[in-house]
Amino acid sequence: MKIGFIGLGIMGKPMSKNLVKAGYDLVVYDFNQAALDELAELGAKAAYNTKEVAEECSVIITMLPNSPHVRAVALGENGIIEAAKSGSILIDMSSIDPTESKAIGASLLEKGIRMMDAPVSGGEPKAIDGTLSVMVGGNREDFDAYYGMLMTMAGSVTYVGELGAGNIAKLANQIVVALNISAVAEALIFAQKAGANPERVYEAIRGGLAGSTVMDAKAPLMLARKFDPGFRIELHIKDLNNAINAAQSVSSPVPMTIQAMGILQNLKEDGFEKDDHGAIVKYYEKLANTILRK
Ligand code: NAD
């Protein structure tokens, strides 16, 4: 199977490398020449633009920052819609607004090009290990047909529903993660201000009902004051913005998400947008006039 892969950033580069290692024939494209060269060294073909990818491949994966980038690659000048043959499929693995997934998919379908949305959770380490969690929206038959290929990049690939459902699941994931990190930061700063050692509090509560994957991933990093990404605050702002827009479009209340968005935007104002989202603790440190210490 010849696969096109567009977007070789933090996530797309290791994901495409895993496809090449699994024996797939890849045609890749990104603005970043260094990333293209790296993939070419492994045996992928580096294309000049999206058009060349779409002319050569009937299966095209995108791993781009946000909705406008996916719209440009899919529907813009020299985009997939201009060059791909009828019967081709776009598998968009970016995290974007599900309303946009549906709109882009509907436009592509007018030219006989199908689309699945298949965003991922797990971050760069799991992209490198090939153990991402992939959540998929689209036709069930397409899911079944491409399940094995997606599993070469993943530890799990789950069918959620029609096109857009993958990104609905991803936004639900991002809401839970943002609120959970905020709760962990709020609790550890409280514990310290109240006179307990926050590291011992973490050890005491992590095995009980309060414990979570997020707590175990982020509390040790907060306590060690390690804020290199990981998942950047600016990307989480993008995801919560998509979540709030999508929720408002279906009249679903998201008061806690709006609070978390305020925290992230405040951190951006303070210049921390490139930090890992564990830096949410810095917001509490500023308000509480303290620094979290082990
Ligand atoms: P990134 O910014 O590192 O990579 C995006 C890549 O897309 C860049 O290399 C850029 O040059 C390329 N690009 C942008 N527009 C393009 C175009 N028109 N044509 C060709 N290439 C183009 O982003 P990332 O961290 O790899 O994230 C990609 C997506 O995955 C985002 O939606 C993000 O929210 C999601 N995601 C990221 C993580 C993470 O931990 N970084 C985890 C899960 C999901």
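Small disclaimer: the values here were computed from a predicted structure and weren't measured.

Visitor: I tried to follow the overall build of the protein on my own but got confused; where do I start?
Guide: The number of helices and strands found in the protein is 14 helices and nine strands. Rg of the C-alpha trace for the protein: 20 Å, near the compact-globule value of 19 Å for 294 residues, within the 12% margin. Summarising its shape, the C-alpha atoms of the protein cover approximately 65 × 45 × 35 Å along the three principal directions. Here the protein, with 294 residues, has 50% of them falling under the buried criterion. Carbon together with sulfur atoms contributes 53% to the accessible area of the protein, which is approximately 13,300 Å² in total. Here the protein contributes 28 positive and 34 negative side-chain charges, whose respective centroids are spaced 5 Å apart.

Visitor: I would appreciate a short explanation of the UniProt feature "active site" (unreviewed entry) in the protein in the present structure.
Guide: Those residues carrying the UniProt feature "active site" (unreviewed entry) are Lys170 in this numbering. By secondary structure assignment, the location of Lys170 is in helix 9 (residues 165–193). Excluding residues that lie within four positions of it along the chain, Lys170 makes contacts with Ser95, Pro119, Val120, Ser121, Met135 and Asp239.

Visitor: Honestly, the packing of aromatic side chains in this entry has me stumped. Any pointers?
Guide: Centre-to-centre distance and the angle between the planes together describe a pair of aromatic rings. Within the structure shown, the criterion is met by four aromatic pairs. Centre to centre, the rings of Phe143 and Tyr159 are 5.3 Å apart; their planes meet at 55°, and the pair counts as tilted. A residue pair is termed long-range when its members are at least 10 positions apart, and Phe143 in helix 8 (residues 140–151) and Tyr159 in strand 9 (residues 154–161) qualify at 16 residues. Given the relative accessible area of 5%, Phe143 is considered buried. Each member of the aromatic cluster is reached from another via a ring pair, and the members are Phe143, Tyr147 and Tyr159. Note that Lys282 overlies the ring of Phe272, its terminal NZ or CZ placed 4.0 Å from the centroid.

The rules we used
Residues numbered from 1 in each chain as written. Predicted model: local features only at pLDDT ≥ 70, side-chain atom pairs only at ≥ 80, totals over all residues. Heavy atoms only, no water. Helix = DSSP H or I, 4+ residues; strand = E, 2+ residues; numbered from the N terminus. Rg over C-alpha atoms; globule rule 2.2 N^0.38 Å. Buried < 20%, exposed > 50% of the residue type's maximum accessible area, 1.4 Å probe, protein only. Areas by Shrake-Rupley, 256 points an atom, 1.4 Å probe, with all protein chains shown as cover. Lys, Arg positive; Asp, Glu negative; His and termini not counted. Charge placed at Lys NZ, Arg CZ, Asp CG, Glu CD. UniProt positions renumbered as here; feature names shortened; annotations may be inferred. Contact = heavy atoms within 4.5 Å. Phe/Tyr/Trp six-rings, centres within 6.5 Å; stacked < 30°, edge-to-face > 60°. Lys NZ or Arg CZ within 6 Å of the ring centre and 35° of its normal.

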